[in-house]
Amino acid sequence: MSDSLRYALVVLFSSALGLVAVLANRLTERVKIPVPLLVLVGTALAMHALPAVRAPSERVVEQVITIALVLVLFDGGMHIGPSRFRAAVAPILSLGVVGTALTAAGAALMLHYACEVGWFPAVLVATAVAPTDPAVVFSVLGKREIRGRSSTILEGESGANDPVGISLMSGLIAAGGLSAAGFAGVAAQFVLQMAIGLAFGVVGGRALLVFMRRVALPSEGLYPLRTLASSLMLYGITTLAHGSGFLAVFVAGIAIGDARAPYKPEIKRFHAALAGLAEIVAFAILGLTVDVDVLLHPDVWIPGLLLGAALTALIRPAAAGACLLGVRLERNERLFILFAGLKGAVPILLGEFLRAAHVADAERLYGIVVVVVVFSVLVQGGAVPGAARLLRLPMRTVETRPWEIGVRLADEPHGVHRFSVAPGSAAEGCTVEGLGDRVGDIWVSIVVRTTGLVPVRGDTELRAGDEVVLLADPELHDTLADLFGHS
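All of these numbers come straight from a predicted model, not from anything done at the bench. (Residues numbered from 1 in each chain as written. Predicted model: local features only at pLDDT ≥ 70, side-chain atom pairs only at ≥ 80, totals over all residues. Heavy atoms only, no water.)

### Things to note about the nonpolar core
Next up, step 1: With 104 residues, the main nonpolar core has Ile-65, Leu-286, Leu-307 and Phe-336 as its most contacted residues.
Next up, step 2: If you look at the next biggest cluster of nonpolar residues, it comprises 20 residues, including Leu-462, Ala-472, Leu-476 and Phe-484. (Core = buried A, V, L, I, M, F, W, Y, C linked by side-chain atoms within 4.5 Å. Buried < 20%, exposed > 50% of the residue type's maximum accessible area, 1.4 Å probe, protein only.)

### Description of the sheet that holds strand 3 (residues 416-420)
Next up, step 1: Pairing is antiparallel across the open sheet formed by four strands, whose spatial order is 3-6-4-5. Among the strands making up the open sheet, the edge pair consists of strand 3 and strand 5 (452-453).
Next up, step 2: Of the strand pairs in this sheet, strand 3 and strand 6 (residues 467-472) are connected by five bridges, and their pairing is antiparallel. Residue pairing in the sheet places His-417 in a bridge with Leu-470 of strand 6. (Pairing = 2+ DSSP bridges. Helix = DSSP H or I, 4+ residues; strand = E, 2+ residues; numbered from the N terminus.)

### Some remarks on the packing of helix 8 (residues 149-175) against helix 9 (residues 180-214)
Next up, step 1: Relative orientation of the contacting elements helix 8 and helix 9 amounts to 145°, with a least axis distance of 9 Å. Between helix 8 and helix 9 lies a crossing whose hand is right-handed. Where helix 8 approaches helix 9, its residues Pro-163, Val-164, Ser-167, Leu-168, Ser-170, Gly-171, Leu-172 and Ala-175 are matched on the opposing element by Gly-182, Val-186, Gln-189, Phe-190, Gln-193 and Met-194.
Next up, step 2: For the contact of helix 8 with helix 9, the residue count by class is eight nonpolar, six polar and no charged. (Axes fitted to C-alpha atoms, helices over the stretch in contact; angles between N-to-C directions. Left-handed = near helix turned anticlockwise from the far one by under 90°. Contact = heavy atoms within 4.5 Å. Nonpolar A, V, L, I, M, F, W, Y, C, P; charged D, E, K, R; others polar.)

### Considering unusual backbone geometry
Next up, step 1: Of note, the phi angle at Tyr-263 is positive, near 60°, even though the residue is not glycine.
Next up, step 2: On the secondary structure map, Tyr-263 appears in the loop between helix 11 (245-257) and helix 12 (264-287).
Next up, step 3: Given the relative accessible area of 26%, Tyr-263 is considered partly exposed.
Next up, step 4: We note that Arg-392 has phi near 55°; this positive angle belongs to a residue other than glycine.
Next up, step 5: Assignment of secondary structure puts Arg-392 in the loop between helix 17 (362-390) and strand 2 (395-397).

### Things to note about a nonpolar patch on the surface
Next up, step 1: Together, Leu-109, Tyr-113, Trp-119, Leu-178 and Phe-183 make up an exposed nonpolar region whose accessible area comes to about 530 Å².
Next up, step 2: Tracing the backbone through its elements, the reader meets Leu-178 in the loop between helix 8 and helix 9. (Patch = residues over 30% accessible without salt bridge, like charges linked within 9 Å, V, L, I, M, F, W, Y side chains within 5 Å. Areas by Shrake-Rupley, 256 points an atom, 1.4 Å probe, with all protein chains shown as cover. Salt bridge = Lys/Arg side-chain N within 4 Å of Asp/Glu carboxyl O.)

### Re the domain arrangement of the protein
Next up, step 1: Domain boundaries in the protein define domain 1 (32-397) and domain 2 (416-484).
Next up, step 2: Domain 1 and domain 2 are separated by 38 Å when their C-alpha centres are compared. (Domains from an automatic or database assignment.)

### Notes on the side chain of Thr-103
Next up, step 1: Structurally, Thr-103 is set in helix 5 (residues 89-115).
Next up, step 2: For Thr-103, a relative accessible area of 4% puts it in the buried group.
Next up, step 3: From its side chain, Thr-103 meets the backbone oxygen of Gly-99 in a polar contact 2.8 Å long.
Next up, step 4: Here Thr-103 is in contact with Ala-130, Leu-311, Ile-315 and Ala-319, once residues within four sequence places are set aside. (Polar contact = N/O pair within 3.5 Å; in protein donor to acceptor, adjacent residues only side chain to side chain.)

### Brief notes about the side chain of Arg-364
Next up, step 1: Mapped onto the fold, Arg-364 is located in helix 17.
Next up, step 2: Only 2.9 Å separates the side chain of Arg-364 from the backbone oxygen of Asp-299, close enough to count as a polar contact.
Next up, step 3: Look past the residues within four positions of Arg-364 in its chain and what remains in contact with it is Val-117, Asp-299, Val-300 and Pro-303.

Right under this line is the structure:
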């Protein structure tokens, strides 16, 4: 095949992949299988069946996945925001750090004693499969969105345990074995990377927020590009300072999540779309590294299935349950968190680290990691919608709203508040006139319901799910948040 034809094949493959990313939610609704798994399996089979498709180098894989993770973590941090993070900071940190370590320890014990894998390779594989990926959970839910703290905890846990897993794997590979001195070195490197990453993330997030608010740009389209470039720059600076760049961008995303800034809705939509595309690209690239023949070996798929089942039914629930002791959660939310620790792109990336470092028997270990991820996404992920219904989790259907109304202002508006009416809140069932009686001097400007715009009169009654835009003194924000159920 000539170079031009091979390049045309690459363009065709890339464009098809882009369409898959755009149509991801529709595909999930129809086939009830997470799209990342379809992409992973599809690219792996294409690699196996088409000689013209070549596996990328280990260096290229690492570089592409690194950029993809930066985009996903930054968007994840913005989606959580400081208010949601503060409300669940204890369980997020507990699950993200302690839970990851406990999961890795349990998986290593299982591999060593049940599958007769040596201690060091067992620890490496266990460390690789410990991080979680809530994006897979939410992808199989389609248009349904989980309400409450369980969603925040799962998102926050993944944002925390991805840097933790990457740092631990890097330290273990550098140590080259298990010893007291090696564990001490891994622990010291881990603490240093986390501390530097946290510090750079906090400072970088605040600096980015000032940059966004004070430095105007000549075009609307440049504002999302600025935050994109800034997040990548923050990763680079933090990594050069020997910190966790992944943790830094996640923390920076949290720092700017709730803050008001010019073109903020456009910025968030841009990063959300980019993160979705990045996840699909990550699974596609990783799929090209999978050798189907290796996966078919009994000493690969049997340990992989056993470990995947053990993580789903025993190891992850036990580790997460221990971390959530003392955390106030509804029983159904707690059970969902214990079950929904799905695996995603990061475990396969960590498995790729083993191949790049030429660890002994790396192909087999990498194959075990891939089988665990496929089991988790297919079996565990496929059961998520049923588990959510069985546990009666508070959920809502998120409908797309392609039409938008709004006004552009040259200066930041003061006293403009936007809330959604939470079910069971004091605002539900209250009239517009009644809001004024409760709070004081306010002016309700817009009420948006699933059926469209609602005429605003004194006797207009608010319903759960309504979006309300109103004018009031900025000091009334906390009072209004309590009234609408956002405390």
